[in-house]
Structures are given as C-alpha cells and as structure tokens.
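Below are the chains, spelled out letter by letter.
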Amino acid sequence: MSVDLRRERFKSGTALPVDRHQIIRERLQRDGRVLAAELATEFAVSEDSIRRDLREMAAAGECQRVYGGAIAMSATGKPIAERNTENLARKERLARSAVRLIQGGQFVFLDAGSTNLAIARLLPEDIGITVATNSPAIAAALVGREDLRVIMIGGTLDHQTGGTLGGSAVLEVQQMRPDLCFLGICAISAESGLGGGHMEDVAFKRQLVASSGAIVAVATNEKLGTGAPFGIAPLSEVTHLVIEHDADTQILHRLAEAGTSLADAGINVLRAE
C-alpha cells in the first residue's frame with residue numbers, strides 16, 4: 001500500500017488494524033515508545049481501539065504495554081557465548097567507569113553477563129575485595145588473583161545466561177549481604193524498571209536485589225527505554241546507573257519522568273568516557 005493511501009485511511013478512520021500495527025512497530029523502533037492518546041488522534045479511532053492494538057502486539061511479543069501506551073521490547077536475548085564476543089570496546093568503556101564505584105574491602109557481587117565479565121577483568125590490582133558470582137566465566141577470569149576472595153555460587157548452569165540458577169543458587173544468595181551488586185539486565189525503563197528475559201534468571205536477580213546494599217545497573221544504549229518479559233525491580237531500587245557516553249538524553253529524561261532528576265531520585269548516573 002502506498003504511503004499516501006495509508007495516510008488517507010488514517011485521516012478517515014478507516015485504516016485496518018494491520019496498517020496501524022505496522023506504523024506502531026515503526027514508531028517503537030524509531031522512538032522506543034508510543035502513547036495511546038496520540039495514536040488515537042492520529043489514526044482517528046478511539047483509544048480503546050489503540051489499546052486493543054497494543055494488547056495484541058504485546059501478546060505477540062512486539063511491545064510491552066505500560067500506563068498510557070507501550071514501549072519497545074529489548075533485543076538482547078542472545079546466548080551469552082555470542083554476547084561475550086560483541087561490542088567489546090563499548091563494554092570495556094562501560095566497565096572502566098563501573099569499576100570506579102568499587103572500594104577496597106567491599107563485598108561485591110558480579111551477576112552473570114558480558115559487561116560484568118569486562119568489569120571482572122578490569123578490577124584493580126591489590127583492591128582487596130570479596131567477589132561472589134554465579135558466572136563460571138567471571139570466576140575463571142579471576143583465577144590467580146590472590147588479592148581477591150572469590151565465591152562461586154552453585155546451582156544448575158544455564159547456557160543462555162551463562163549463570164548458575166535454581167533454588168540452591170537463590171538459597172545461597174539469601175545468606176549473603178553484598179555491599180555492591182552489579183546486576184545483569186536486559187532492559188531498563190521508567191515505566192517498568194529493570195527487566196529480564198528468562199524467568200528463572202529473573203527470580204535469581206530479584207533475590208540479589210533483596211540481599212544487596214546497593215544495586216548497579218550497567219546498560220548499553222540498546223537496553224535503555226526498553227521492556228522485557230519479566231520484571232526484576234522498579235527503577236527506585238537502582239543506586240548507580242552506568243551508561244554510554246552517547247546515551248539518548250530523551251530516554252534519560254523518561255527514566256525520571258515523575259518530575260525529579262535521576263540524581264534527586266537517589267540514582268548516581270555515570271557516563272562512560
């Protein structure tokens with residue numbers, strides 16, 4: 001269908017749902033979010049019709065419904081073996097900024113994840129901290145670091161996330177009180193907070209949030225302003241947010257759209273250099 005014909009259908013309110021869905025997909029890809037009221041005006045249909053569109057698209061995994069509209073879904077569902085080889089320079093820059101949050105003598109948890117693996121490799125010499133992790137790759141990267149005490153969480157290894165999961169892993173974390181937890185996330189948004197794509201992994205992360213004194217979310221640009229199938233925690237649980245130097249300013253404003261700055265909300269924001 002031509003663009004002009006599609007516009008005429010929208011103006012007259014005769015556009016088919018499939019046409020609206022395509023436009024909504026394009027807007028989500030471009031802007032990361034859509035508002036039901038604005039779409040209803042543009043398409044000359046009721047907000048109920050738009051909400052029905054968004055429900056159908058959410059059921060198909062194409063977006064995540066939030067109050068007033070929808071946000072894009074995170075596209076970070078690749079296996080850990082693949083993620084560990086992607087965007088290495090970007091993740092190293094994020095890791096260099098994130099490492100500055102760690103102080104000597106702390107108990108630090110490094111959750112499974114490719115950026116957290118970069119953090120493990122950049123831990124300063126003689127920092128003298130205790131590191132717990134559920135990631136065999138992170139533990140292996142710290143072999144030979146006699147200045148560190150390393151605790152490996154047991155459980156069943158999940159090859160998608162690269163971490164040990166399950167009831168025994170959750171029970172171990174329940175007994176811990178890390179000062180600082182670098183949490184692996186798939187998505188972060190103002191509307192739905194921190195999200196993940198694997199139900200058992202998310203259950204483990206929820207316990208990490210409950211057990212830890214401070215939570216660090218390190219996010220590449222593609223995770224900002226997106227949703228995921230399972231919620232980990234609200235944005236208010238984040239203590240430090242480490243982002244790339246060119247992160248979208250509009251998305252950062254949305255992360256604080258309640259009217260306060262991220263700093264006023266108690267979230268320390270670090271931009272990678």
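An unreviewed UniProt entry lists the protein under the name DeoR family transcriptional regulator, from Silvimonas iriomotensis.

With that out of the way, let us pick up the packing of aromatic side chains. For the structure on display, the rule yields one aromatic pair. Here F109 and F204 contribute two aromatic rings whose centre-to-centre distance is 6.1 Å and whose plane-to-plane angle is 55°, an arrangement assigned as tilted. Of this pair, F109 sits in strand β4 (residues 107-110) while F204 sits in helix α10 (residues 199-211); the two residues are 95 residues apart in sequence, bridging distant segments of the chain. Per residue, the accessibility class of F109 equals that of F204, and both read buried.

Moving on, we get to helix α4 (residues 47-59). Relative to the 18 Å expected for 13 residues at 1.5 Å per residue, α4 spans 18 Å between its end C-alpha atoms, a close match to the ideal helical length. Contacts from the buried residues of α4 go to α2 (17-31), β1 (33-35), α3 (36-43), β2 (64-66) and β3 (69-71). Following α4 by one or two positions, G61 adopts a phi angle in the positive range, close to 75°.

Looking now at unusual backbone geometry. A positive phi angle, close to 55°, is found at A44, a residue other than glycine. By secondary structure assignment, the location of A44 is in the loop between α3 and α4. One non-glycine residue, D126, lies in the positive phi region at around 60°. With respect to the element layout, D126 can be found in the loop between α7 (114-121) and β5 (130-133).

What follows concerns the side chain of S211. Along the chain, S211 turns up in helix α10. Polar side-chain contacts of S211 include one of 2.8 Å to the side chain of Q207. Setting aside its immediate chain neighbours within four residues, S211 contacts V173, Q174, M176, R177 and P178.

Turning next to the confidence of the model for the protein. For the protein, per-residue confidence averages 86 on the pLDDT scale, and residues scoring 70 or more make up 87% of the total. Here residues 1-5 scores under 50 on pLDDT; set against residues more than four positions off or in separate chains, the count is three contacts.

This part takes up the nonpolar core. Residues F109, L183, I188, L194 and F204 are the most contacted members of the largest nonpolar core, which totals 33 residues. At the level of elements, β4, α9 (167-174), β9 (180-183), α10, β12 (215-219), β13 (230-233), β14 (240-243) and α11 (249-255) are the ones that each hand at least two residues to this core. Per-element accounting of this core gives the leading share, four residues, to α10. The contacts of F109, once residues within four sequence positions are left out, are A132, T133, N134, I153, V173, M176, P178, L180, C181, F182, F204 and L208. Within the second largest apolar cluster, 27 residues are counted, among which are I102, A118, L123 and L270.

If you trace the backbone, M152 turns up in strand β6 (residues 149-152). For M152, a relative accessible area of 35% translates into the label partly exposed. Among residues more than four places away in sequence, those in contact with M152 are T133, N134, S135, P136, A139, T164 and E172.

Attention now goes to the pattern of salt bridges. According to the stated counting rule, one finds 13 salt bridges in the structure shown. The salt bridge partner of D48 is R51, with a shortest N-O separation of 2.5 Å. Taken as a pair, D48 and R51 lie in helix α4 at a separation of three residues, close to a single helical turn. Exposure remark for D48: the relative accessible area of 45% places this residue in the partly exposed category.

What counts and what doesn't
- Residues numbered from 1 in each chain as written.
- Predicted model: local features only at pLDDT ≥ 70, side-chain atom pairs only at ≥ 80, totals over all residues.
- Heavy atoms only, no water.
- Phe/Tyr/Trp six-rings, centres within 6.5 Å; stacked < 30°, edge-to-face > 60°.
- Helix = DSSP H or I, 4+ residues; strand = E, 2+ residues; numbered from the N terminus.
- Buried < 20%, exposed > 50% of the residue type's maximum accessible area, 1.4 Å probe, protein only.
- Expected span 1.5 Å × (residues − 1).
- Contact = heavy atoms within 4.5 Å.
- Polar contact = N/O pair within 3.5 Å; in protein donor to acceptor, adjacent residues only side chain to side chain.
- pLDDT = per-residue confidence, 0-100.
- Core = buried A, V, L, I, M, F, W, Y, C linked by side-chain atoms within 4.5 Å.
- Salt bridge = Lys/Arg side-chain N within 4 Å of Asp/Glu carboxyl O.

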